[in-house]
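A look at the structure
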Amino acid sequence: MSAIRYELIHTCKQTGARYGKLHTPHGTYETPMFMPVGTLATVKTLSPEDLKEMGAGIILSNTYHLWLRPGDDLVKEAGGLHKFMNWDQGILTDSGGFQVFSLSKFRRIEEEGVYFRNHINGDKLFLSPEKAIQIENNLGADIIMSFDECPPIPATHEYVKDSIERTSRWAERGLEAHANPDKQALFGIVQGGEYLDLREQSAKDLMSLDFPGYSIGGLSVGEPKETMYNVLAHLNPILPTNKPRYLMGVGSPDALIMGSILGVDMFDCVLGTRIARNGTVMTSNGRVVIKNAKYARDFGPLDENCDCYACKNYSRAYIRHLVKCEETFGIRLTSYHNTYFLLNLMKQVREAIKNDRLGDFKEEFFAKYGLNDANSRGF
RNA sequence: GCGAUUGUGGUGAAGUGGUUAACACAUCUGAUUGUGGUUCAGACAUUCGAGGGUUCGAUUCCCUUCAGUCGCC
């Protein structure tokens, strides 16, 4: 018995996008959904109460980071991640595979796992599929990820083929090591870079292991958007319709809409909260770099069409001042707004799917930014 | 009043008798996609306190002047 269940409720007649519900041990959530990222058991600057208030469902946390600090055994001792951070909604943990790829300059990938040095003090570390699952079991998230290798784009076909085959073997090992599949759903991660044949092979290999959900990894690593959309379009008819599909690390507004159209149910991304901390917000009229001098005397809200806490109470001029002075309240307000914006965008996407008009919604949304091309940068 | 010393962009400062006057911070623009609040990229002194002189050429040498700092009466 799987810990989660995906229920496909409606398919958009205009685009084929999926509206559904994801039932987890900590609540049921409508999809497609955006999951805010809280790497170190907190969405930076936001409290769990804030997240609840803005309607966040599942949030992400991270195996690698929590393993190093404060340690998964400590989290287990605290009663698990939900209790530790006072979040009674869904949690998903990433496996650490991506961090090995993105944070460590020195790493040696072997069949049994990866040797690398941590990003804090350079200590030698070793992470394997079994070890990652063990940590994730201790953390206790509702949805957990297989330990994968995230190859760069570009990489040779030969390299990526070896890589996905190893990642599939790792996925199988993780499945065997998994202690409580009835409480935590383990997802396999489809890799394959930009090669459609390898993406297909990766998906089919993982599907033969019958995971309760499938992640699509290794995208948004610097490739053109078109490459990503091609991969999604290819995988869409291959992946099972009765399981959730999770596109990892993607979350610019245009990619969220395009991903939904291409059959994705779940997204996560640090983009919104990261650019928030650097003084940029997403608005219904496009990106606004609130740090810019032109907003010094702009006493209107961040987004005139937004009714979030930040927009209802504070002006661009005030927020710009706070951000310029590196006051923490400033980046809290921008983080709040961007997270709200992305959650709200997905709400609109779901409504559009239910009304069979996601294609129209996409056109309207893109037009507002002056985008008429799915491959445009957007944000 | 006398003596010494220093004057380089918003700030702190390098530097040289000879094409675009280091660097840092600040400022101004971009960027950031399974998160170190990080990091990266670019812009920013027609000009070296002011005036005069020497020189082919002076921010650099000389004179005057102004301003600051320290010391002495």
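Everything in this summary refers to the structure shown in the same document. (Residues numbered from 1 in each chain as written. Chains lettered and ligands numbered in written order. Predicted model: local features only at pLDDT ≥ 70, side-chain atom pairs only at ≥ 80, totals over all residues. Heavy atoms only, no water.)

**With respect to the sheet that holds strand β9 (residues 124-127)**
Across a sheet, strands are paired by hydrogen bonds formed along the backbone, either parallel or antiparallel in direction. Reading across the sheet, the three strands line up as β7-β8-β9 and stay open at both edges, with antiparallel pairing between neighbours. Taken across any chain shown, the strands that pair with only one partner, and hence form the sheet edges, are β7 (107-109) and β9. Averaged over all adjacent pairs, the angle separating strand axes in this sheet is 15 degrees, with direction ignored. Sheet topology places strand β8 (residues 114-117) next to β9; four bridges connect them, and they run antiparallel. In the strand pairing of β9, F116 is matched with L125. (Pairing = 2+ DSSP bridges. Helix = DSSP H or I, 4+ residues; strand = E, 2+ residues; numbered from the N terminus. Axes fitted to C-alpha atoms, helices over the stretch in contact; angles between N-to-C directions.)

**Concerning the pattern of salt bridges**
Scanning the model with the defined rule gives 18 salt bridges in all. Between E111 and R169 there is a salt bridge, with the nearest N and O atoms lying 2.8 Å from each other. Residue E111 is found in the loop between β7 and β8, and its partner R169 is found in helix α7 (residues 157-177); the two are separated by 58 residues along the sequence. Assessed through its relative accessible area of 37%, R169 is described here as partly exposed. Between R316 and D298 there is a salt bridge, and its shortest N-O distance comes to 3.0 Å. Placement of the pair is R316 in helix α13 (residues 316-324) and D298 in the loop between β16 (286-289) and α12 (309-313), with a sequence separation of 18 residues. (Salt bridge = Lys/Arg side-chain N within 4 Å of Asp/Glu carboxyl O. Buried < 20%, exposed > 50% of the residue type's maximum accessible area, 1.4 Å probe, protein only.)

**A word on empty space enclosed by the protein**
Empty space among the atoms becomes visible once a probe the size of a water molecule is rolled across them. This model, assessed by the stated rule, comprises two cavities of 30 Å³ or more. When its volume is computed, the largest cavity comes out at roughly 40 Å³. If you trace the largest cavity, you find it lined by F34, P36, V37, C269, G272, T273, N338, T339 and L342. Where the lining of the largest cavity is concerned, the elements lending two or more residues are β4 (33-36), α11 (271-277) and α14 (328-354). Looking at which element gives the most residues to the lining of the largest cavity, the answer is α14, with three residues. Across the lining of the largest cavity, the residue classes break down as five nonpolar, four polar and no charged. Contributing to the lining of the second largest cavity are I216, L232, L235, N236, L239, R245, L262, G263 and V264. (1 Å grid on protein atoms, 1.4 Å probe; cavity = no way out; pocket = protein on both sides within 12 Å on 5 of 7 lines; lining within 4 Å. Points joined across faces, edges and corners; volume = space filled by probe spheres on them. Nonpolar A, V, L, I, M, F, W, Y, C, P; charged D, E, K, R; others polar.)

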